[in-house]
Amino acid sequence: MAGEIPNLQAEVRTGTGKGAARQARREGNVPGIVYGDGKEPLALNLNYNYLLKQLKAGRFMSTLFNLKVEGQDDVRVICRGVQRDVVKDLPTHVDFMRLHRNSRINLFIHVNFENHEASPGLKRGGTLVIVRPEVELEVTAGDIPDHITVDLTGSNIGDVIHINDIPLPAGVKPTIDRNFVVANISAPSGLRSEENEEAAAEEA
């Protein structure tokens, strides 16, 4: 299961329409809305600086949040759109979608590497080159893995670890169809130089 889902603080926005949205912006807020899961849409205000910090943290559109609004039950949401000022590129409105436990969503999940000491390639001085420290996976909102694990036992220099080599939890699948590279074991620089010299000698 996933670690703690980050909270996202918001307030109920009184009034709707352009006038209420402009008033929210004058007061240092970004207007927003949360919809979906068979419930009525709810107009929100998010503190401008707070939202900007969340956006700058990255992965905002693919992070599952626990939306906290005073007077409302906490609800899991994912951002479905951020409207920005065309000149300043700063947020002017944000849309969230409510999720229930069976909702399927795309999230970036951390990749753990274990059993380094059981890798012959790493023992010989090879280097673990991590191409993707996170991979985007399609998961169920009610059962999100905290990470996926790569077992390095038996891996040798030159081995390449693809996504299809990694066991994924039930119901989890990559968002990309191709068998992309997650990591590899590269040769130490000294060994690479020796191999290059040998190859050059053979060609000569």
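Every chain is numbered on its own, with residues counted from 1 as its sequence reads. In keeping with the model being predicted, local features are shown solely for residues with a pLDDT of at least 70 and side-chain atom pairs are shown and tallied solely at 80 or more, while totals for entire chains, interfaces and linings include all residues. Hydrogens and water molecules were not included; the side-chain quantities draw on all heavy atoms of the structure.

- By the naming in an unreviewed UniProt entry, the protein chain is Large ribosomal subunit protein bL25, taken from Haematobacter massiliensis.
- UniProt positions are given in the numbering used here, feature names are shortened, and annotations may be inferred rather than shown by experiment. The heading Function (unreviewed entry) in the UniProt record of the protein chain holds the text "This is one of the proteins that binds to the 5S RNA in the ribosome where it forms part of the central protuberance."
- The Sequence similarities (unreviewed entry) comment attached to the protein chain in UniProt states, word for word, "Belongs to the bacterial ribosomal protein bL25 family. CTC subfamily."

1. Considerations on the UniProt feature "domain: Large ribosomal subunit protein bL25 beta" (unreviewed entry) in the protein chain
Here is step 1: Taken from the UniProt record, the annotation "domain: Large ribosomal subunit protein bL25 beta" (unreviewed entry) applies to residues 105-188.
Here is step 2: With 5% helix and 44% strand, residues 105-188 has end C-alpha atoms that lie 40 Å from one another. Working definition: helices are DSSP H or I runs of at least four residues, strands are E runs of at least two. Numbering for both runs from the N terminus.

2. Here's the deal with helix 2 (residues 48-56)
Here is step 1: For helix 2, the full list of buried residues reads Leu 51, Leu 52 and Leu 55. Each buried residue of helix 2 lies within a common arc of 100° when the element is viewed along its axis, so the set occupies one face. Turned more than 90 degrees away from the buried face of helix 2 sit Asn 49 and Lys 53, all of them exposed.
Here is step 2: Whether two residues are in contact is decided by their heavy atoms: any pair within 4.5 Å suffices. The inward-facing, buried residues of helix 2 abut strand 2 (29-36), strand 3 (39-47), strand 5 (75-84) and strand 6 (91-98).
Here is step 3: Sitting at the amino-terminal end of helix 2 is Asn 47, which places a side-chain oxygen 3.1 Å from the backbone nitrogen of Asn 49.
Here is step 4: Phi turns positive one or two residues past the end of helix 2, at Gly 58, with a value near 90°. Burial classes follow relative accessibility: with a 1.4 Å probe on protein chains only, a residue under 20% of its type's maximum area counts as buried, one over 50% as exposed, and anything between as partly exposed. When we speak of the arc, we mean the arc of directions from the helix axis to the C-beta atoms. Any pair of N or O atoms that falls within 3.5 Å is considered a polar contact. Within protein, one atom must be able to donate a hydrogen and the other to accept it, and sequence-neighbouring residues count only if both atoms are side-chain atoms.

3. Focus on helix 1 (residues 18-26)
Here is step 1: For helix 1, the full list of buried residues reads Ala 20, Ala 21 and Ala 24. Taken down its axis, helix 1 places every buried residue within 100° of arc, on the same side. Among the exposed residues of helix 1, those pointing more than 90 degrees away from its buried face are Lys 18 and Arg 26.
Here is step 2: Tucked into the core, helix 1 has its buried residues touching strand 2 and strand 3.
Here is step 3: Positioned one or two residues after helix 1, Gly 28 has a phi angle of 85°, which is positive.

4. Points about the pairing of strand 3
Here is step 1: In short, DSSP must find at least two bridges between two strands for them to pair. Bridging between strand 1 (residues 7-12) and strand 3 involves 2 bridges; their strand directions are antiparallel. Bridge pairing in strand 3 links Val 12 to Leu 44.
Here is step 2: Where strand 2 meets strand 3, 7 bridges bridge the pair, whose relative direction is antiparallel. Bridging from a neighbouring strand, Val 34 pairs with Leu 42 of strand 3.

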